[in-house]
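Listed here are the chains, written in short residue letters.
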Amino acid sequence: MDGTTYLSDYRPYPFTLDEVALRFRLAPTATRVTARMTLTAREAGAALQLDGEELDLISASIDGVALTPADYLLTETGLTIHPAALPEGRFTLETEVQIAPAENTALEGLYMSKGMYCTQCEAEGFRKITFYPDRPDVMARFHVRIEGDLPVLLSNGNPVAQGPGWAEWDDPWPKPAYLFALVAGDLRATPGHFTTMSGKHVDLNIWVRPGDEDRTDFALGALQRSMKWDEDAYGREYDLSLFNLVAVDDFNMGAMENKGLNIFNSKLVLASPETATDADYERIEAVIGHEYFHNWTGDRITCRDWFQLCLKEGLTVFRDQSFTADMRLGPVKRIEDVITLRGRQFREDAGPLSHPPRPDHYREINNFYTATVYEKGAEVVGMLRTLVGPEGYRRALDLYFERHDGQACTIEDWIKVFEDSSGRDLSQFMRWYTDAGTPHLKVTDSFSDGVYTLEFTQHTNPTPGQMEKPARHIPVAVGLLSPNGDEVVPTTVLEMTEPRQSFRFEGLASRPVPSILRNFSAPVVLEHEAPAEERAFLLAHDTDPFNRWEAGRVLARQTLMGMAEGEEPEPAYLDAIGALLGETNDPAFRALILRLPGEDEIAQALFAAKKTPDPDAIHRARRGLMEVLAKRHEAALARLYEAAAVPGPYTPDAGPSGLRALRLAALSLLSTRDGGARARALYKAADNMTESLGALAVLVANGAAEAELAAFRARWQDNALVMDKWFATQLSLAPPAAAAGLATRLAEDPLFDWKNPNRFRALMGGLSANHAGFHRADGAGYRFYADWLLRLDPLNPQTAARMSTAFETWRRYDKARQGLARAELERIAQTPALSRDLGEMAARLLS
């Protein structure tokens, strides 16, 4: 057996588990955990199989009678109690184990972070706490007693009793083990409250380490806004009397939705104007919303098995995206989401790690917390909403909550509520969940006698394990513009269900300009040949904000692709940017258009065009286009830079944030002309991290930041989250030839705590974000990266495996680079005692 788990092998657990009582006697290297479970057999003669890893079994008994070694089989992965040792009917199993949280460097299960006990149980961490059926379809009510010498002792649900050195918690809602949480430490709370739509009072607490209390107000407000939004948008009310949120410094993930006790990476909680950027504030609000929304889409209704992960994650990402769009600027948020989707998920779909939103097999489930499950999963939910309409979507969700509350569900259950509430057959749409790959949608058009015809063809390239790709059900939002810019056909949703399909628009006075895939109505690659002048026309006149931005993005991408191969910049693009600089509409939108496509995006576009991308040529092309734009529009950019200055004290609201984004976009271009003078002045004058870090980044990109980097480090060396930015910024923007050497020097910095996931991600993510630096022709970037993955893997396999995705595009490049990357992947794959997490990733990357 290779350890692969298959969807087709799913079987219900042969026992029901009604109640669980846990007792924790905390000690750093010798925590005792007693678990008492009430079970009933569903199948006669079934053995009781319990998952368990890295546990020392102290005792086990059934109905008070001790089990002997002959009654069970104990292995490295679990405890199996033989059928002969099990009574008929209902019985109580009690086990006691010992674990060592202080030695748990993998940060799964119960571990310690700077003197604080905390847990991370999704996906399979609870089995490192006690023997248990650690699967999402086994749901039970939990009662927890915690004993320890720390002042704050927290768990799920509501507090029911406490005294010196102990506390008891009761969660009335059945939940799977992955939602269990425990936190114990010396913590301080920022308290608040919320009154639900039915008038119930809920106490709120944001728990942090002493000294961090002054950076919690925004997080508390974000939680309150999330609770109100979920009531307004989905009719979902909070169902406990207490909601606790804890910030943890050492955390593999972003955050975790444990019922009533959310545990967060501290970078997604702590914020002040001096230490957090506008992007940090927006991200904090979005993730707090995401984890809170899981209370219904993940906790009250969970997934039957881990193959259904996209059911809870895709839906909840769609919900948090909608929340952020309502809190800020919807069109800008949509554009940012698509940039993320293309940069992460499209890239994933185009390489060896491609998989469907619902895979049919896995070896290590931790490796499937991916952009496909999350971001593409959200796009699939968005397409459903487009197909049935906003009112139809709300009816379907109301039915989903009514029908499946308290259940562990499947994608089929989810699709069925849409079919039942709308009367539509969505069997073909289901392929979005079961098929991997990004569909390509090719469009041609014609016009004759007042009739305009759009003809679409769809195809999806083969992906690992899936060669044949039937046609999908694709909603294509289209509008038509007249030659003078008026909209002659408003947004209309065309439903493509065949490999080839035509749509006619009649009664038109002249040939229109098509605006296709408005608001990015489906996660596809649109292939539409159009002259640069038509793209510029759409950039100037399209009434759909996304497609207006997209027209500019395509022009910029095509210009950079040409420049990477020695061509001159596209005049239509340069003129269009000049026209944009004279506009006065939304600053955040204009900032997005001024932001050039990244080097990785250009590499992927060249690869898709059957060309071999040259990382160094792409880097030169992007820098060259910045210089051309700055020289051509220097006066307009200078006026824009001055006009976008934000008066008054800092706020992270959408309006001021948009102005700062526009100002920094102009600064990035102007600094190619002024040698960094404006950036240096802004760095000295800035009273907020957005402008301080933005100016620093511009100086780094221009090779003029030595003094500022030293000053930044001296000021912020005691603030871990700010120092993460210092590590990442200088490495991601360093000259490519110097990137690997700089990474080596930074890895020797005393502040590089490589066992901390945030710091490790800052350094390694900074290197991989430096496209030409990571893909250096001599392979130095690959070697450095592989060395550190292998160093981290024995301690934290989950983080090492996730960071290995930097290698997923290695087949794009020339044979020499491919050989160097392959050698490093083979070195990883052949390392003795490699973790299952990183071993699976290396094998998939090489496959």
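Quick note: structure is the one above.
Summarised in this report is the structure supplied together with it. (Residues numbered from 1 in each chain as written. Predicted model: local features only at pLDDT ≥ 70, side-chain atom pairs only at ≥ 80, totals over all residues. Heavy atoms only, no water.)

1. Digging into the overall build of the protein chain
Argument step 1. Secondary structure summary: the protein chain contains 26 helices and 31 strands in total.
Argument step 2. Whereas a compact globule of 847 residues would reach a radius of gyration of roughly 29 Å, the protein chain reaches 28 Å, a difference of no more than 12%.
Argument step 3. Long-range pairs, those at least 24 residues apart, make up 71% of the contacts in the protein chain with a sequence separation of at least 6.
Argument step 4. Surface exposure of the protein chain reaches about 31,700 Å², of which carbon and sulfur atoms provide 51%.
Argument step 5. Side-chain charges of the protein chain comprise 90 positive and 120 negative groups, with the mean position of each set lying 3 Å from the other. (Helix = DSSP H or I, 4+ residues; strand = E, 2+ residues; numbered from the N terminus. Rg over C-alpha atoms; globule rule 2.2 N^0.38 Å. Contact = heavy atoms within 4.5 Å. Areas by Shrake-Rupley, 256 points an atom, 1.4 Å probe, with all protein chains shown as cover. Lys, Arg positive; Asp, Glu negative; His and termini not counted. Charge placed at Lys NZ, Arg CZ, Asp CG, Glu CD.)

2. Overview of the sheet that holds strand β17 (residues 188–195)
Argument step 1. The sheet built from 5 strands is open, its strands ordered β17-β18-β19-β21-β20 with mixed pairing. Both edges of this open sheet fall to β17 and β20 (255–256), since each of them pairs with a single strand only.
Argument step 2. In terms of strand pairing, strand β18 (residues 201–208) meets strand β19 (residues 242–248) through 5 bridges, oriented parallel. Counted as the bridge partner of Trp207 is Val246 from β19.
Argument step 3. The sheet strands contacting helix α1 (residues 217–234) are β17, β18 and β19, and the helix crosses β17 at an angle near 25 degrees.
Argument step 4. Set on the sheet, helix α2 (residues 278–293) makes contact with β19, β20 and β21 (261–265); between it and β21 the angle comes to about 150 degrees. (Pairing = 2+ DSSP bridges. Axes fitted to C-alpha atoms, helices over the stretch in contact; angles between N-to-C directions.)

3. Re the side chain of Lys259
Argument step 1. Secondary-structure assignment places Lys259 in the loop between β20 and β21.
Argument step 2. For Lys259, a relative accessible area of 3% translates into the label buried.
Argument step 3. In contact with Lys259, not counting residues within four places along its chain, are Asn156, Gly157, Asp171, Trp173, Lys175, Leu179, Asp239, Leu240, Asn295, Asp299 and Arg300. (Buried < 20%, exposed > 50% of the residue type's maximum accessible area, 1.4 Å probe, protein only.)

4. A few points about the pairing of strand β8 (residues 78–81)
Argument step 1. The two faces of β8 match: Gly78 and Thr80 on one face and Leu79 and Ile81 on the other face are all buried.
Argument step 2. For strand β7 (residues 72–75) and β8, the ladder comprises 4 bridges, and the chain directions are antiparallel. In the sheet register, Leu74 faces β8, and the bridge partner there is Leu79.
Argument step 3. Joining the antiparallel neighbours β7 and β8 is a turn of 2 residues.

5. A word on the pairing of β17
Argument step 1. Where β17 and β18 come together, 8 bridges link them in antiparallel fashion. Within β18, the residue paired with Thr190 across the bridge is Ile206.

6. Description of a negative patch on the surface
Argument step 1. The grouping of Glu213, Asp214, Asp217, Glu274 and Asp687 at the surface amounts to a negative patch.
Argument step 2. The residue Glu274 is located in the loop between β21 and α2 in this model.
Argument step 3. Judged by relative accessible area, which is 38%, Glu274 ranks as partly exposed. (Patch = residues over 30% accessible without salt bridge, like charges linked within 9 Å, V, L, I, M, F, W, Y side chains within 5 Å. Salt bridge = Lys/Arg side-chain N within 4 Å of Asp/Glu carboxyl O.)

7. Focus: the packing of helix α19 (residues 720–732) against helix α20 (residues 736–747)
Argument step 1. The N-to-C vectors of α19 and α20 enclose an angle of 160 degrees; their axes lie 9 Å apart at closest approach. The angle between α19 and α20 places the two elements in the roughly antiparallel class. Crossing geometry of α19 relative to α20 is assigned as right-handed. Residues Trp726, Phe727, Gln730 and Leu731 of α19 touch α20, and the partners they reach there are Ala739, Leu742, Ala743 and Leu746. (Parallel < 35°, antiparallel > 145°, perpendicular 65-115°, else oblique. Left-handed = near helix turned anticlockwise from the far one by under 90°.)

8. Points about helix α16 (residues 677–685)
Argument step 1. Turning to α16, its buried residues are Ala679, Leu682 and Tyr683. Seen along its axis, α16 keeps its buried residues to an arc of 100 degrees; they face one direction. Exposed positions of α16 whose direction lies more than 90 degrees from the buried face are Lys684 and Ala685. (Arc of directions from axis to C-beta.)

9. Quick word on the sheet that holds strand β11 (residues 116–120)
Argument step 1. Read from one edge of the open sheet, 4 strands run β10-β11-β16-β13, paired in antiparallel fashion. Since the sheet does not close on itself, it has two edges, and those belong to β10 (109–113) and β13 (152–155), each with one partner. On average, each strand axis in the sheet is tilted by 20 degrees relative to the strand beside it, whichever way the strands run.
Argument step 2. Strand direction decides the pairing type here: β11 and strand β16 (residues 182–185), joined by 2 bridges, are antiparallel. Looking across to β16, one finds that Cys118 is bridged to Val183.

10. Overview of the packing of helix α17 (residues 689–701) against α19
Between two packed helices, what matters for the description is the angle formed by their axes and the separation of those axes.
Argument step 1. Two numbers describe how α17 lies on α19: the axes approach to 10 Å, and their chain directions differ by 25 degrees. Put simply, α17 runs roughly parallel to α19. Read as a crossing pair, α17 and α19 show a hand that is right-handed. Contacts between α17 and α19 involve Met689, Leu693, Ala697 and Val700 from the first element and Val722, Lys725, Thr729 and Gln730 from the second.
Argument step 2. Residues of the contact of α17 with α19, tallied by class, amount to 5 nonpolar, 2 polar and 1 charged. (Nonpolar A, V, L, I, M, F, W, Y, C, P; charged D, E, K, R; others polar.)

11. Quick notes on the pattern of salt bridges
Argument step 1. Summed over the entire model, instances satisfying the criterion amount to 68 salt bridges.
Argument step 2. Linking Arg145 and Glu147 is a salt bridge whose minimum nitrogen-to-oxygen distance equals 2.7 Å.
Argument step 3. Since its relative accessible area comes to 16%, Glu147 is described here as buried.
Argument step 4. The partner of Glu583 in a salt bridge is Arg548, and the shortest N-O contact between them spans 2.5 Å. Taken together, the residues span a long stretch of sequence, with Glu583 in the loop between α10 (571–581) and α11 (587–594) and Arg548 in helix α9 (residues 545–564) at a distance of 35 residues.
Argument step 5. Residue class for Arg548 comes out buried when judged on its relative accessible area of 9%.
Argument step 6. Linked through salt bridges whose partners overlap, the residues forming this network are Arg23, Arg145, Glu147 and Glu168.

12. Topic: the environment of Glu808
Argument step 1. Mapped onto the elements, Glu808 comes out in the loop between α24 (797–803) and α25 (815–829).
Argument step 2. In this structure the C-alpha to C-alpha distance between Glu808 and Pro101, which are 707 residues apart in sequence, comes to 34 Å.
Argument step 3. Beyond its immediate stretch of four places on either side in the chain, Glu808 contacts Arg347, Glu348, Gly351, Pro352, Leu353 and Leu845.
Argument step 4. Among the polar contacts listed, one links the side chain of Glu808 to the side chain of Arg347, at a separation of 2.8 Å. (Polar contact = N/O pair within 3.5 Å; in protein donor to acceptor, adjacent residues only side chain to side chain.)

13. Notes on unusual backbone geometry
Argument step 1. Between Glu122 and the following residue, Ala123, the backbone shows a cis peptide bond with an omega angle of 5 degrees.
Argument step 2. By secondary structure assignment, the location of Ala123 is in the loop between β11 and β12 (140–147).
Argument step 3. A positive phi angle is found at Asn519, which is not glycine, with a value near 55 degrees.
Argument step 4. Since its relative accessible area comes to 42%, Asn519 is described here as partly exposed.
Argument step 5. With a phi angle near 65 degrees, Lys610 is a residue other than glycine that sits in the positive phi range.
Argument step 6. Along the chain, the position of Lys610 falls in the loop between α12 (599–608) and α13 (615–632).

14. Points about the side chain of Asp239
Argument step 1. Tracing the backbone through its elements, the reader meets Asp239 in the loop between α1 and β19.
Argument step 2. Judged by relative accessible area, Asp239 falls into the buried class, the value being 13%.
Argument step 3. Separated by 3.4 Å, the side chains of Asp239 and Asn295 make a polar contact.
Argument step 4. Within polar-contact distance, the side chain of Asp239 engages the side chain of Arg300 at 2.6 Å.
Argument step 5. Among residues more than four places away in sequence, those in contact with Asp239 are Trp173, Lys200, Lys259, Asn295 and Arg300.

15. Considerations on the state of the cysteines
Argument step 1. Evaluation of the coordinates by the stated rule reveals 0 disulfides.
Argument step 2. Distance from the sulfur of Cys118, which forms no disulfide, to the nearest cysteine sulfur (Cys121) is 10 Å.
Argument step 3. Here Cys310 stays free of any disulfide, with the sulfur of Cys303 as its closest cysteine sulfur at 9.1 Å. (Disulfide = S-S within 2.5 Å.)

16. Some words on the packing of aromatic side chains
Argument step 1. Here the structure, examined in full by the defined rule, presents 43 aromatic pairs.
Argument step 2. Arranged with centres 5.3 Å apart and planes meeting at 70 degrees, the rings of Phe774 and Tyr785 form a pair that is edge-to-face. Residue Phe774 is found in helix α22 (residues 771–774), and its partner Tyr785 is found in helix α23 (residues 780–792); the two are separated by 11 residues along the sequence. There is no split in this pair, since Phe774 and Tyr785 are both buried.
Argument step 3. Against the face of Trp432 rests Arg472, its NZ or CZ located 4.8 Å from the ring centre. (Phe/Tyr/Trp six-rings, centres within 6.5 Å; stacked < 30°, edge-to-face > 60°. Lys NZ or Arg CZ within 6 Å of the ring centre and 35° of its normal.)

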